[in-house]
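Here's the letter readout for the chains.
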Amino acid sequence: MKLAVIVGTTRPNRQTLKQAKWVVNGTVEFEDIDAELVDLKDYPMPFFNEPVSPRFNPDRKISVEVKPWLDKLTEFDAYVFVTAEYNHSIPAELKNALDYVTWEMNRKPVAVVSHGAAAGVRAATDLKEVLSESKAVPIPNFVAMTGMSELIDEDGNLNETVKANPYGPQTTLRKLLEELQWYSNALSTARVQEKQPATA
C-alpha cells in the first residue's frame, strides 16, 4: 500500500508536522506500507477560483499552481490527513486544497489524525465530511490527541511512557493503520475488477 501522510497546516511554528512524522514512523512495522510525508506547505495554491466545480467541468483547465498537488494525490492507494483544529474546524489551507480535488482519491480509503482543542475531534468530524465529497472512503478509525505537542518530539517520537500504554495513542495508531491497509487491499481489488471486461 502506497500511503500519503498529509500535513494539513502550513503556518510557522506548526505542531502538526510532528504528529505527521509520528504517523510515518508508525508505519515502519508494516512490511506492506510504503509511507510518504506530503506537506501542504510544498504545494502553495491560490484560494479556489475556478468558475465551475471541478467535478462538473469537462473543459477544466488546471492551473500550473494546482496540478502538482493533484498529480501527487493520484500516486497513492490510501491517505492519512493530519490536521489541527482551528476555530472548531480544519485549517483554511487544507479546505482550499480539497476544493480543487476531483477524482484523484475516488474509491480509496482515507483516515484522519487530529490534535488541538478537544483533541481536534471537531476538525476531524468536519474533515471526514469534506473528504466524502471527493468520493474517498473515510474509515471509522481515527486518532485524536490532546496535548500532542508535549507528547511527540520534532522527529515524531512519542513519549516512551505514553507509548508503553497498551490503551494509548500508539496502539490506536496501529489499529488505524491495520484497518486502513485492509480497506486499501479490498478497494484496490474492487477497482481492478471494475476495470476488467465482463466475460460471456
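See the structure above.
Treat the numbers as computed from the prediction; the structure is a model and nothing was measured.

A.B. asks: Could you give me a rundown of the packing of aromatic side chains, with the residues and numbers involved?
C.D. replies: Under the criterion given, the structure shown has four aromatic pairs. Note that K2 overlies the ring of F76, its terminal NZ or CZ placed 5.5 Å from the centroid.

A.B. asks: Any details on the sheet that holds strand 2 (residues 34–39)? Residues and values, ideally.
C.D. replies: Reading across from one edge, 2-1-3-4-5 is the order of the five strands in this open sheet, with parallel pairing throughout. Every other strand in the sheet has two partners, leaving strand 2 and strand 5 (137–145) as the edge strands with one partner each. Taking each pair of neighbouring strands and ignoring which way they run, the sheet shows an average axis angle of 20°. Here strand 1 (residues 2–7) runs beside strand 2; their pairing, made up of six bridges, is parallel. For K2, the partnering residue across the bridge sits in strand 2 and is D34. Across the sheet, helix 1 (residues 16–26) touches strand 1, strand 2, strand 3 (78–84), strand 4 (109–115) and strand 5, and the angle it forms with strand 3 is around 150°.

A.B. asks: A description of the pattern of salt bridges should follow, citing residues and the corresponding values.
C.D. replies: Throughout the structure, instances matching the rule amount to 10 salt bridges. With a shortest N-O distance of 2.7 Å, E85 and R122 are connected by a salt bridge. Here R122 lies in helix 4 (residues 121–133) and E85 lies in the loop between strand 3 and helix 3 (92–99), a separation of 37 residues in the sequence. Judged by relative accessible area, E85 falls into the buried class, the value being 10%. Here R107 ties to E194 by a salt bridge, and the two come within 2.4 Å at their closest N and O atoms. Within this pair, whereas R107 is found in the loop between helix 3 and strand 4, its partner E194 is found in helix 7 (residues 169–195), the two being separated by 87 residues in sequence. Salt bridges here are not isolated pairs; linked through shared partners, they connect K2, E36, K72 and E75.

Reading the values: the criteria
- Residues numbered from 1 in each chain as written.
- Predicted model: local features only at pLDDT ≥ 70, side-chain atom pairs only at ≥ 80, totals over all residues.
- Heavy atoms only, no water.
- Phe/Tyr/Trp six-rings, centres within 6.5 Å; stacked < 30°, edge-to-face > 60°.
- Lys NZ or Arg CZ within 6 Å of the ring centre and 35° of its normal.
- Pairing = 2+ DSSP bridges.
- Helix = DSSP H or I, 4+ residues; strand = E, 2+ residues; numbered from the N terminus.
- Axes fitted to C-alpha atoms, helices over the stretch in contact; angles between N-to-C directions.
- Contact = heavy atoms within 4.5 Å.
- Salt bridge = Lys/Arg side-chain N within 4 Å of Asp/Glu carboxyl O.
- Buried < 20%, exposed > 50% of the residue type's maximum accessible area, 1.4 Å probe, protein only.

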